[in-house]
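Listed below are the residues making up each chain.
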Amino acid sequence: MAILLAPTEGAHLGGSALTQTMWTADEIAQLCYEHYRSRLPKQGKPEPNREWTLLAAVVKIKPAADQACGGTNRRAQVTKEVVSMGTGTKCIGQSKMRKSGDILNDSHAEVIARRSFQRYLLHQLHLAAALKEDSIFVPGTQRGLWKLRPDLLFVFFSSHTPCGDASIIPMLEFEDQPCCPVHRDWANNPSVEASGDLEDPEDKKKCEDLGSPVTKKMRHEPGIPDSVAHHQSFGHQESGPVPPSVSGSHLTAEELAAVTGMAPSGAKVVDVHRTGAKCVPGEAGDSGKPGAAYHQVGLLRVKPGRGDRTCSLSCSDKLARWNVLGCQGALLMHLLEEPVYLSAVVIGRCPYSQEAMQRALTGRCRNVSALPKGFGVQEVKIEQSGFLFEQSRCAVQAKRADGPGRLVPCGAAISWSAVPEQPLDVTTNGFPQGTTKKAIRCLQARSRISKVELFRSFQRLLSSISEDKWPDSLRMRKLETYHEYKEAASAYQEAWSVLRKQAFGSWIRNPPDYHQFK
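Residues numbered from 1 in each chain as written. Predicted model: local features only at pLDDT ≥ 70, side-chain atom pairs only at ≥ 80, totals over all residues. Heavy atoms only, no water.

## Quick word on the overall build of the chain
Turning to step 1, where the next piece is worked out: Looking only at helices and strands, the chain features 13 helices and 19 strands.
Turning to step 2, where the next piece is worked out: By residue count, 60% of the 518 residues in the chain fall in the buried class. (Helix = DSSP H or I, 4+ residues; strand = E, 2+ residues; numbered from the N terminus. Buried < 20%, exposed > 50% of the residue type's maximum accessible area, 1.4 Å probe, protein only.)

Structure below.
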């Protein structure tokens, strides 16, 4: 779905030489919500009044010709198109990981949207290789390499704050307590997912009235500065901000220093929203103290699981990595002159802190240096929309009032890519929905965005290009396994090595034997 809109005030072409107003956070949110309603099937969506889910997407922004050429017509039309979308709240445990690359380890919406985006990029490279003019790629300066058209940019949208570091949001003493309070046993039970399981079934506290319809724009209270309103809360999502169960105690100056930098001047931080994501081995770890010092900020974290610990890093960590290495991954870097970066990240109405988002997505990597040519720490623009996702936890909670049964996260994940063949993919537990144990090894039992299927798509792309037009990285030696192809992307691997050494030294990496499939 491509929509032509006259740009409005308030958002600029982040990460680009173009400076004209191109989009607003509300336009991006509305476009994604409409795409979700009209283009995604009922299959895989939450059961009404019983389930909730999370939504993420990548939106392509293309200015009108006069803007791309440096024109001054600020009202010129801009094309905004959703090119990938994902829903999901789940993540498999370490014991369920497979060495065949045919299961989705991480089905959080942001990861599904990014893998769907990689599928879109593969299709666009097919078009470029076939010399189709409608591709987003144009020839680069080196043999076999392509680069993104200079007039394009991509905005990442998520209906919720990313789990992990970005979800550690300060609570100010004048704020109302947020909705969906957690059960007091949560802090002592690390095996429980940060989802509906945290809520006391007997707890009668509900989300505040969100109005009708639930997707109407939430406006800040008059007299409250924007910097304060950013912290106001409307519920939490799986492994995202979790309202604390213990009121904050007064802290020493040293303990408060980690979070008070995020608070508006003069406002006292009394507690923090908590994330269910756990610190990775090797990191300093959380203090567990009551109040605002419960978490230590800036750490790498893994997503929670039901007893079986996961190896999937939090969405905050993954977005920070993509902001340095690009969204295309190692395989596609063989064919690209430069990484494909996001110009902006837009978050829907939810618990939110501008400062926490900046710390988690860009601040932790700000001092990374000596990256190979083409790679760099991006100054990604971060904004929040005032529109609430209609199937978010808090929106569903508000609509169902005192309805029977528990509100639970939807177990399915939906992938959508702007590709001509089979754009949709609905999975549960990492496999296409409906897959039986007996059918797991069949070709039909593979998600189209699983590692092995994206690898097959990449191999099909290479087979459509004559070898004399391949880039040098693919011509130096014969490559066979997924691991060999990834490691041969030398510039990408060098950038990843620099990032780990300077910022993310405790990042959990899958053993090489999980990448030996062909």
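Read on, since the account is not over.
## A word on the packing of helix α3 (residues 109–129) against helix α10 (residues 451–463)
Turning to step 1, where the next piece is worked out: Two elements in contact, α3 and α10, have axes whose closest approach is 10 Å; the angle formed by their N-to-C orientations is 10°. With respect to their mutual orientation, α3 and α10 come out roughly parallel. Residues Arg115, Gln118, Arg119, Leu122, Leu125, His126 and Ala129 of α3 form the contact with α10, whose participating residues are Lys451, Leu454, Ser457, Phe458, Arg460 and Leu461. (Axes fitted to C-alpha atoms, helices over the stretch in contact; angles between N-to-C directions. Parallel < 35°, antiparallel > 145°, perpendicular 65-115°, else oblique. Contact = heavy atoms within 4.5 Å.)

## A few points about the environment of Val419
Turning to step 1, where the next piece is worked out: Mapped onto the elements, Val419 comes out in the loop between β17 (412–417) and β18 (424–428).
Turning to step 2, where the next piece is worked out: On the basis of relative accessible area, Val419 is assigned to the buried category, the value being 13%.
Turning to step 3, where the next piece is worked out: Spatially, the C-alpha atoms of Val419 and Tyr120 are 6.1 Å apart, while their sequence positions differ by 299 residues.
Turning to step 4, where the next piece is worked out: Apart from the residues within four sequence positions on either side, Val419 is in contact with Arg119, Tyr120 and His123.

## Here we look at the pairing of strand β3 (residues 55–63)
Turning to step 1, where the next piece is worked out: Burial within β3 is extensive, with 8 of its 9 residues counted as buried.
Turning to step 2, where the next piece is worked out: Bridge analysis of β3 against strand β4 (residues 78–87) gives 9 bridges, and the strand direction is antiparallel. Paired with Val58 across the bridge in β4 is Ser84.
Turning to step 3, where the next piece is worked out: Of the pairings in the sheet, the one linking β3 to strand β9 (residues 153–158) comprises 6 bridges and is antiparallel in character. Bridging from a neighbouring strand, Ile61 pairs with Leu153 of β9. (Pairing = 2+ DSSP bridges.)

## Comments concerning the pattern of salt bridges
Turning to step 1, where the next piece is worked out: Going through the model one piece at a time under the given rule, you end up with 20 salt bridges.
Turning to step 2, where the next piece is worked out: With a closest N to O distance of 3.3 Å, Glu34 and Arg37 form a salt bridge. Linking Glu34 with Arg37, this pair stays in helix α1 (residues 25–39), spanning 3 residues, or about one helical turn.
Turning to step 3, where the next piece is worked out: Accessibility expressed as a relative area gives 33% for Glu34, which makes it partly exposed.
Turning to step 4, where the next piece is worked out: For Arg37, a relative accessible area of 39% gives the class partly exposed.
Turning to step 5, where the next piece is worked out: A salt bridge links Lys60 to Glu81, with the nearest nitrogen and oxygen atoms 3.4 Å apart. (Salt bridge = Lys/Arg side-chain N within 4 Å of Asp/Glu carboxyl O.)

## Some thoughts on helix α9 (residues 393–400)
Turning to step 1, where the next piece is worked out: Counting buried positions along α9 yields 6 of 8 residues, so the element is predominantly enclosed.
Turning to step 2, where the next piece is worked out: Those residues of α9 that fall on the buried side of the exposure criterion are Arg393, Cys394, Ala395, Val396, Gln397 and Arg400.
Turning to step 3, where the next piece is worked out: Here the buried face of α9 lies against β2 (51–52).
Turning to step 4, where the next piece is worked out: A positive phi of about 50° marks Ala401, the residue just after α9.

## Considerations on helix α8 (residues 354–361)
Turning to step 1, where the next piece is worked out: Taking burial as the measure, the 8 residues of α8 include 6 buried ones, the bulk of the element.
Turning to step 2, where the next piece is worked out: Residues Gln354, Ala356, Met357, Arg359, Ala360 and Leu361 constitute the buried set of α8.
Turning to step 3, where the next piece is worked out: Residues of α8 that are buried sit in contact with α6 (315–325), β14 (344–347) and β15 (381–384).

## Digging into the packing of α6 against helix α13 (residues 490–502)
Turning to step 1, where the next piece is worked out: Axis separation between α6 and α13 bottoms out at 10 Å; the angle between their running directions is 130°. With respect to each other, α6 and α13 are oriented oblique. At the point where α6 passes α13, the crossing takes the right-handed sense. Residues Arg321, Val324 and Leu325 of α6 touch α13, and the partners they reach there are Tyr492, Ala495, Trp496 and Leu499.
Turning to step 2, where the next piece is worked out: In terms of residue class, the contact of α6 with α13 is built from 6 nonpolar, no polar and 1 charged. (Left-handed = near helix turned anticlockwise from the far one by under 90°. Nonpolar A, V, L, I, M, F, W, Y, C, P; charged D, E, K, R; others polar.)

## Focus on the state of the cysteines
Turning to step 1, where the next piece is worked out: As enumerated under the stated definition, the model contains 0 disulfides in all.
Turning to step 2, where the next piece is worked out: Cys91 takes part in no disulfide bond, and the closest cysteine sulfur, belonging to Cys163, lies 8.4 Å away.
Turning to step 3, where the next piece is worked out: When its relative accessible area of 12% is taken as the criterion, Cys91 is described as buried. (Disulfide = S-S within 2.5 Å.)

## Description of the packing of aromatic side chains
Two aromatic rings are characterised by how far apart their centres lie and by the angle between their planes.
Turning to step 1, where the next piece is worked out: Under the definition given, this model contains 14 aromatic pairs.
Turning to step 2, where the next piece is worked out: With a centroid separation of 5.5 Å and 80° between ring planes, the pair formed by Tyr33 and Phe157 is classed as edge-to-face. One end of the pair, Tyr33, is in helix α1; the other, Phe157, is in strand β9, and 124 residues separate them in sequence.
Turning to step 3, where the next piece is worked out: Between Phe117 and Phe154, the aromatic rings sit 4.9 Å apart at their centres with planes inclined by 65°, giving edge-to-face as the arrangement. With Phe117 in helix α3 and Phe154 in strand β9, this pair connects stretches of sequence that are 37 residues apart.
Turning to step 4, where the next piece is worked out: Phe117 gets classed as buried once you look at its relative accessible area, which sits at 1%.
Turning to step 5, where the next piece is worked out: Each member of the aromatic cluster is reached from another via a ring pair, and the members are Phe455, Phe458, Tyr482, Tyr485 and Phe517.
Turning to step 6, where the next piece is worked out: Here Arg274 stacks its cationic end above the ring of Tyr294, 4.1 Å away from the centre of that ring. (Phe/Tyr/Trp six-rings, centres within 6.5 Å; stacked < 30°, edge-to-face > 60°. Lys NZ or Arg CZ within 6 Å of the ring centre and 35° of its normal.)

## A short note on the side chain of Asp425
Turning to step 1, where the next piece is worked out: Topologically, Asp425 is positioned in strand β18.
Turning to step 2, where the next piece is worked out: Here Ser447 takes part through its side chain, which lies 2.5 Å from a polar atom of the side chain of Asp425.
Turning to step 3, where the next piece is worked out: Discounting residues that sit within four places of it in the chain, Asp425 has contacts with Ala413, Ile414, Ser415, Ser447, Arg448 and Ile449. (Polar contact = N/O pair within 3.5 Å; in protein donor to acceptor, adjacent residues only side chain to side chain.)

## What to know about the confidence of the model for the chain
Turning to step 1, where the next piece is worked out: On average, residues of the chain score 81 in pLDDT, and 75% of them reach the 70 mark or higher.
Turning to step 2, where the next piece is worked out: Note that residues 5–20 has pLDDT below 50 and, in this model, 47 contacts with residues that lie over four places away or in other chains.
Turning to step 3, where the next piece is worked out: Residue range residues 243–262 is modelled with pLDDT below 50. Its contacts to residues more than four positions away, or to other chains, number 50 contacts. (pLDDT = per-residue confidence, 0-100.)

## A short note on the pairing of β17
Turning to step 1, where the next piece is worked out: Within β17, 6 of the 6 residues are buried, leaving the element largely enclosed by the surrounding structure.
Turning to step 2, where the next piece is worked out: Bridge count between β4 and β17: 3 bridges; the pairing is antiparallel. Bridge assignment links Gly86 to a residue of β17, and that residue is Ser415.
Turning to step 3, where the next piece is worked out: Pairing of β17 with β18, which is carried by 5 bridges, proceeds in the antiparallel orientation. Paired with Ala413 across the two strands is Thr427, which belongs to β18.
Turning to step 4, where the next piece is worked out: In textbook terms, the turn of a hairpin is the stretch between consecutive antiparallel strands, and for β17 and β18 this stretch comprises 6 residues, one of which, Gln422, has a positive phi near 45°.

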